[in-house]
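# Close look at the chain arrangement
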Amino acid sequence: MKCLATGIVLPLLLMVGCSKPPESTTPTAAVPAAPSAEVQKGAIQIGKSIAAETFSLLSSNLQAAIQQGGVSNALPFCSLAASPLTAGMAGKHGVTIRRMTHKSRNPADRADTTELAILNHFAAALTGTNPPPPLVTNLTSSTATFFAPIILNNELCLKCHGEPGKDISAENVAIIQRLYPQDDATGFKLGQLRGAWRIDIPVATLPRTP
Ligand code: HEC
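Below, the structure is looked at part by part. Just so we're clear, the structure is a prediction, and the values are computed from it rather than from any experiment.

## Details of the overall build of the protein
For the protein, the count of helices and strands is five helices and four strands. Put simply, the protein runs from its N terminus to its C terminus through helices and strands in the order α-α-β-α-β-β-α-α-β. Relative to its full complement of 210 residues, the protein shows a buried share of 39%. Looking at the protein alone, contacts between residues at least 24 apart form 71% of all its contacts between residues at least 6 apart. Approximately 10700 Å² of the protein is accessible, and the part contributed by carbon and sulfur atoms is 58%.

## Here's the deal with the environment of Pro134
Here Pro134 lies in the loop between α3 (113-125) and β2 (135-140). Judged by relative accessible area, which is 22%, Pro134 ranks as partly exposed. Pro134 sits 14 residues away from Ala148 along the chain, and the two C-alpha atoms are 4.3 Å apart. When neighbours within four sequence positions are excluded, Pro134 is seen to be in contact with Ile44, Lys48, Phe122, Phe146, Phe147, Ala148 and Pro149.

## Quick look at the nonpolar core
Ile97, Ala144, Phe146, Ile199, Ile201 and Leu206 are the most contacted members of the largest nonpolar core, which has 19 residues in total. Of all the elements in the fold, those that place two or more residues in this core are α2 (37-93), β3 (143-151) and β4 (193-202). Counting residues per element, this core draws most heavily on α2, at eight residues. Dropping the residues within four chain positions of it, Phe146 is found in contact with Ala43, Ile44, Gly47, Lys48, Ala51, Pro134, Leu135, Val136, Trp197, Arg198, Ile199 and Ile201. Leu116, Ile118, Leu126 and Ile151 belong to the second largest nonpolar core, which has 13 residues in total.

## With respect to the packing of aromatic side chains
What the rule picks out here adds up to zero aromatic pairs. Over the face of the ring belonging to Phe188 we find Lys103, whose NZ or CZ atom lies 5.4 Å from the ring centre.

## Topic: the coordination of the iron atom of the ligand
Exactly one donor from the protein chain reaches the iron atom of the ligand: His161 (NE2), at 2.1 Å. Summarising the element assignment, His161 is placed in helix α4 (residues 155-161).

## Quick look at the environment of Pro149
Relative to the helices and strands, Pro149 resides in strand β3. Between the alpha carbons of Pro149 and Ile118 there is a distance of 9.1 Å; along the sequence they are 31 residues apart. Setting aside residues up to four positions removed in sequence, Pro149 forms contacts with Phe122, Pro132, Pro133, Pro134, Leu193, Gly195 and Ala196.

## Quick word on the pairing of β4
Among the 10 residues in β4, nine count as buried, and that is most of the element. Pairing between β3 and β4: nine bridges, direction antiparallel. Directly across from Ile150, in β4, lies its bridge partner Gly195.

## Some points on helix α5 (residues 170-179)
Of all the residues in α5, the buried ones are Asn172, Ile175 and Ile176. Buried residues of α5, viewed axially, fall in a sector of 100°; they line one side. Every exposed residue of α5 that faces more than 90 degrees away from the buried side is listed here: Ala170 and Arg178. The secondary structure elements touched by the buried residues of α5 are α2 and α4.

Calculation notes
- Residues numbered from 1 in each chain as written.
- Predicted model: local features only at pLDDT ≥ 70, side-chain atom pairs only at ≥ 80, totals over all residues.
- Heavy atoms only, no water.
- Helix = DSSP H or I, 4+ residues; strand = E, 2+ residues; numbered from the N terminus.
- Buried < 20%, exposed > 50% of the residue type's maximum accessible area, 1.4 Å probe, protein only.
- Contact = heavy atoms within 4.5 Å.
- Areas by Shrake-Rupley, 256 points an atom, 1.4 Å probe, with all protein chains shown as cover.
- Core = buried A, V, L, I, M, F, W, Y, C linked by side-chain atoms within 4.5 Å.
- Phe/Tyr/Trp six-rings, centres within 6.5 Å; stacked < 30°, edge-to-face > 60°.
- Lys NZ or Arg CZ within 6 Å of the ring centre and 35° of its normal.
- Donors = N, O, S within 2.8 Å, 3.2 Å for Na, K, Ca; no water.
- Pairing = 2+ DSSP bridges.
- Arc of directions from axis to C-beta.

This is the structure in structure tokens:
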């Protein structure tokens, strides 16, 4: 893995070490301001629950596909199913849900400048095995945007996001290349930041504290 230790990225690299991405991203935006405590509290509550529900839906589908035909069957399955499953969950809750990352498999999941600032914040806050807490920003006044880190914390993830030829079999490397010619989502190690959930919640729908 390359370390582009230049300019503003250097202090972050010194803190998190070269093995932890994002290491090649120069943040040009700061983490946006946080909304009121009440909005934050409501958005954290809703965001956490929707992220957990979506994770469990994706994860049970992934495991079923692996059981049916191994990782080589699950790869094309995930490719087809991940977006509609996530969109269905978003529709059910009246929010938008996105998984975004500094190293994407699906190019649609590539982080924008603001999202990269959030990922850098999470990478810097990732110490030991504790995931950094989620955060909430007001990107627009009517929306509370919830972000929670996705840590690669399961051996299974390495079968499709670990080291090609070692964690990922040659057969599966070929499938990934065919489905995602621009894939950048390999080379991860256990404990690293894989990306983050982003859930945009209309402020008007947030629970209010009495
Ligand atoms: C069977 C292979 C497979 C396994 C196992 C797997 N993934 Fe993925 N992952 C994929 C594919 C394929 C995509 C792209 C889905 C799409 O096109 O929307 C993806 C996308 C993602 C994304 C969205 C960002 C991006 O790069 O597009 C995240 C985050 C992610 N995976 C995390 C994980 C984590 C965490 C685990 C372990 C719990 C895991 N994955 C296990 C195949 C896998």
